[in-house]
Amino acid sequence: MNKKYWNVASIIFNIIETMLLIVSSYYLKVSLRDMLIVFFAFQISRAYFKLPKHYKAWQKCLIWTLLIFTSLFVVARVDITVGVMCAIFTAYILSGKSDISDMYMWSGRISKYDPLRDFVGISPNNPIILDYENYWRVNYPLRYEIFRYFYRERKSYEEIRNIKDYDENNIIKNECKSIYEQLEKPLNLPPLKN
């Protein structure tokens, strides 16, 4: 489908979504003023925090938007100040900058690349790692960046994708795999499992 079609479809979807939000605030007996205050507090905060999360499926987007704003409208009906604070907090949470897995040391997920990530964390100045890193810095700047983001800073594919402004994760995944495979034998790491 061409880009023009998607732009028109997106505009129509956003108009319908906004109308549904107005209807939901009406049925919750939230004043138009309070509804607009909450709505603009959320949108301005979301634009300020950047990196907003988006769903690929319009159905998910619609359901979650209605649920979030219905909750915000209920809070605003009780107290507009608390409603605005909740709108700002929700925008921050949905920006992707606040993630529950960042609160504690364990995210609950195990990556096949964890042995190298752990090795880099324990021994960041290992001469073998530093040699490879210097080589990549000069000869493969992208690989060096991916190594730094993924293995040193422990960023997720999604975070790196946002930093690099990629449409998908394939380049990142390939580089992570290549880095691990190059360092596997010199660092005596367990072989990758497919």
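Residues numbered from 1 in each chain as written. Predicted model: local features only at pLDDT ≥ 70, side-chain atom pairs only at ≥ 80, totals over all residues. Heavy atoms only, no water.

So, the overall build of the protein chain
Then, in step 1: What the protein chain contains, in helices and strands, is nine helices and zero strands.
Then, in step 2: Element order for the protein chain, N to C, with α for helix and β for strand: α-α-α-α-α-α-α-α-α.
Then, in step 3: Taken over 194 residues, the protein chain has a buried fraction of 29%.
Then, in step 4: Long-range contacts, defined as pairs at least 24 residues apart, comprise 66% of the intrachain contacts of the protein chain with a sequence gap of at least 6. (Helix = DSSP H or I, 4+ residues; strand = E, 2+ residues; numbered from the N terminus. Buried < 20%, exposed > 50% of the residue type's maximum accessible area, 1.4 Å probe, protein only. Contact = heavy atoms within 4.5 Å.)

Here's the deal with the pattern of salt bridges
Then, in step 1: On inspection of all chains with the given rule, the structure shows eight salt bridges.
Then, in step 2: In this structure, Asp34 engages Arg33 in a salt bridge whose closest nitrogen and oxygen atoms are separated by 3.0 Å.
Then, in step 3: When the shortest N-O distance is used, the salt bridge between Arg161 and Glu158 registers 2.5 Å. Here the residue Arg161 and the residue Glu158 both occupy positions in helix α8 (residues 157–164), the gap between them amounting to three residues, near one helical turn. (Salt bridge = Lys/Arg side-chain N within 4 Å of Asp/Glu carboxyl O.)

A short note on the packing of aromatic side chains
Then, in step 1: Taken as a whole, this structure holds 14 aromatic pairs when the rule is applied.
Then, in step 2: The interplanar angle of 15° and the centroid separation of 5.4 Å between the aromatic rings of Phe150 and Tyr157 together place this pair among those described as stacked.
Then, in step 3: In this structure an aromatic cluster arises from ring pairing among Tyr113, Tyr132, Trp136, Phe147, Phe150, Tyr151, Tyr157 and Tyr180.
Then, in step 4: In this structure, Arg117 packs its charged tip against the face of Phe150, placed 3.9 Å from the ring centre.
Then, in step 5: The positively charged end of Arg148 is found above the aromatic ring belonging to Tyr149, 4.8 Å away from the centroid. (Phe/Tyr/Trp six-rings, centres within 6.5 Å; stacked < 30°, edge-to-face > 60°. Lys NZ or Arg CZ within 6 Å of the ring centre and 35° of its normal.)

Concerning unusual backbone geometry
Then, in step 1: One non-glycine residue, Lys29, adopts positive backbone phi at about 60°.
Then, in step 2: Along the chain, Lys29 turns up in the loop between α1 (3–27) and α2 (32–49).
Then, in step 3: Residue classification places Lys29 among the exposed positions, given a relative accessible area of 63%.
Then, in step 4: Within the chain, Arg154 stands out as a residue other than glycine whose phi angle is a positive 55°.

Digging into the packing of helix α3 (residues 58–78) against helix α4 (residues 80–94)
Then, in step 1: At a minimum axis separation of 6 Å, α3 and α4 run at an interaxial angle of 155°. With respect to α4, the element α3 is oriented roughly antiparallel. For α3 against α4, the interelement crossing comes out right-handed. Taken together, the residues of α4 that come into contact with α3 (itself represented by Ile68, Leu72, Val75, Ala76 and Val78) are Ile80, Val82, Gly83, Cys86, Ala87, Thr90 and Leu94. (Axes fitted to C-alpha atoms, helices over the stretch in contact; angles between N-to-C directions. Parallel < 35°, antiparallel > 145°, perpendicular 65-115°, else oblique. Left-handed = near helix turned anticlockwise from the far one by under 90°.)

Notes on the environment of Val38
Then, in step 1: As for its placement among the helices and strands, Val38 is situated in helix α2.
Then, in step 2: Of the residues examined, Val38 reaches a relative accessible area of 0% and is grouped as buried.
Then, in step 3: A sequence separation of 37 residues divides Val38 from Val75, and the C-alpha atoms of the two residues are 9.8 Å apart.
Then, in step 4: Ignoring anything within four residues of it in the chain, the contact list for Val38 reads Leu72, Phe73, Ala76, Ile80, Gly83 and Ala87.

Things to note about helix α5 (residues 114–122)
Then, in step 1: Those residues of α5 that sit buried are Asp114, Leu116, Arg117 and Val120. Along the long axis of α5, the arc covered by the buried residues comes to 165°, so they all point the same way.
Then, in step 2: Residues of α5 that are buried make contact with α6 (127–139), α7 (141–152) and α9 (170–184). (Arc of directions from axis to C-beta.)

Brief notes about the packing of α7 against α8
Then, in step 1: It is at 10 Å that the axes of α7 and α8 come closest, and there the two elements cross at 135°. The angle between the axes of α7 and α8 places the two elements in the oblique class. You can see that α7 and α8 cross each other, and the crossing is right-handed. Two secondary-structure elements touch here, α7 through Leu142, Glu145, Ile146, Tyr149 and Phe150 and α8 through Tyr157, Ile160, Ile163 and Lys164.
Then, in step 2: Taken together, the residues that form the contact of α7 with α8 break down as seven nonpolar, no polar and two charged. (Nonpolar A, V, L, I, M, F, W, Y, C, P; charged D, E, K, R; others polar.)

By themselves, these are just geometric observations and shouldn't be taken as functional.
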